[in-house]
Structures are given as structure tokens and as C-alpha cells.
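Analysis of the macromolecular model
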Amino acid sequence: LRLACAGIGSPRVLLLENADRDLSLPKRRLLYRMLRDHRSRGGIAVITADGFDAIEAVCDVLVVIWRGRLLACEKLENLILSQQQWMRVEVVIDGDLDTDKVGELDFVSHVVRHGDRYDVFVENRFTAAHQLLGFFEKNAIALRDLHTYRSTLRDVVTELFLNAEMNALPEDER
């Protein structure tokens, strides 16, 4: 209904706020197809989204604004490629991981904890993942599971926000 109302009169520009919120998967797919069709006819769709499904499905350009500051305004593929120097290593361990100690390793960008799972962002090279495994072995950290992933859009946006947060801190707190 929101898209139908927005499309009355065949406007060139659609402004949609969280248009895919509360939609079932088939309805989301229909929405995304309609937005792509609108774009193929020369239309423009400006959307806000809480998640990445709509962005990845229909957007050419991503604009990221944080606390009134423009963090990014790039074509999606350029934005993701610009961050390919990092690889996400997802590890599941028994117990707690000293994220500060891991974060001090020269090949680690940052560490994010999700319950018993940790995302460790390392330089995108095989030796960095190997060095991380060596760190776990040296510190007697028992791995239950480990997966490596190339940067995703979610990773890129997370990195943008983390960098903005760090830059907002006073110099002596970084």
C-alpha cells in the first residue's frame, strides 16, 4: 500500500522510509522488483532501511550519515571493494576472549563479540588468518569453530561506524 500510494501519478522520485519493514519475504521480493523496474524506467528511489536486504537488492549508491556527518556516498561495488583489505574471521570458543589483547595484534583491525562468537577483522591475506590461529594456540584458546569471510556490506558499514566513533573520541582516549 505504501508503494502504491508513493507511485500515484508516476513520480520520477520515490521517497520511501523502511518500505520493506513488516513485509513477508515474497512481498519484499515484489517490492524490490518494483523498485528496480522504477529505476530501469529512469526513476529514482531514495529509501531508508534498518537492514541490508533492501540496500543490497535495489541500491546503486549507498549514503551513510552518522550524527549529521556524511560517512560515505559511494556506489555499492566501489564501497565494498574499497574495504576488501579486511577479512572477517568468525571464531567460536569456550570461555571469554581478551578482545583488547587480540585487537593489539598488528594485523587485526578490531574485534566484535556476539555471545560466544567473535568476529575478528584481519588483513585480507592468508598469513593473517594463520597468525591468528597461532595466537590462539600460543594462548591455549580452544576453538570450537572458525570461518573466514570476505567483507560484506554489513562489514563495510560497521567499519565506517567504528571509525567514526573512534574519530569522535578525544586523541588521548583512542
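How each quantity is defined
Residues numbered from 1 in each chain as written. Predicted model: local features only at pLDDT ≥ 70, side-chain atom pairs only at ≥ 80, totals over all residues. Heavy atoms only, no water. Salt bridge = Lys/Arg side-chain N within 4 Å of Asp/Glu carboxyl O. Helix = DSSP H or I, 4+ residues; strand = E, 2+ residues; numbered from the N terminus. 1 Å grid on protein atoms, 1.4 Å probe; cavity = no way out; pocket = protein on both sides within 12 Å on 5 of 7 lines; lining within 4 Å. Points joined across faces, edges and corners; volume = space filled by probe spheres on them. Nonpolar A, V, L, I, M, F, W, Y, C, P; charged D, E, K, R; others polar.

**What about the pattern of salt bridges?**
- Summed over the entire model, instances satisfying the criterion amount to 10 salt bridges.
- Between Glu-165 and Arg-67 there is a salt bridge, with the nearest N and O atoms lying 3.8 Å from each other. On the criterion of sequence distance, the pair formed by Glu-165 in helix α7 (residues 153-168) and Arg-67 in the loop between β3 (61-66) and β4 (69-75) is long-range, its members being 98 residues apart.
- Within this structure, Arg-88, Glu-90, Arg-117 and Asp-119 form a network of salt bridges that share partners.

**As for empty space enclosed by the protein**
- Counting across every chain of the model gives 2 cavities of 30 Å³ or more.
- In this structure, the second largest cavity encloses a volume near 40 Å³.
- Contributing to the lining of the second largest cavity are Asn-18, Ala-19, Asp-20, Leu-31, Tyr-32, Leu-35, Ile-47, Thr-48, Ala-49 and Ala-54.
- The element best represented in the lining of the second largest cavity is helix α2 (residues 25-40), accounting for 3 residues.
- Taken together, the residues that form the lining of the second largest cavity break down as 7 nonpolar, 2 polar and 1 charged.

**Considering the layout of surface pockets**
- Space inside the largest pocket adds up to approximately 650 Å³.
- Along the walls of the largest pocket sit 24 residues, with Ile-47, Ile-55, Cys-59, Leu-62 and Val-63 positioned nearest its centre.
- Counting residues per element, the ones that place at least two in the lining of the largest pocket are α2, β2 (44-48), α3 (53-58), β3 and α7.
- Class assignment for the residues of the lining of the largest pocket results in 17 nonpolar, 3 polar and 4 charged.

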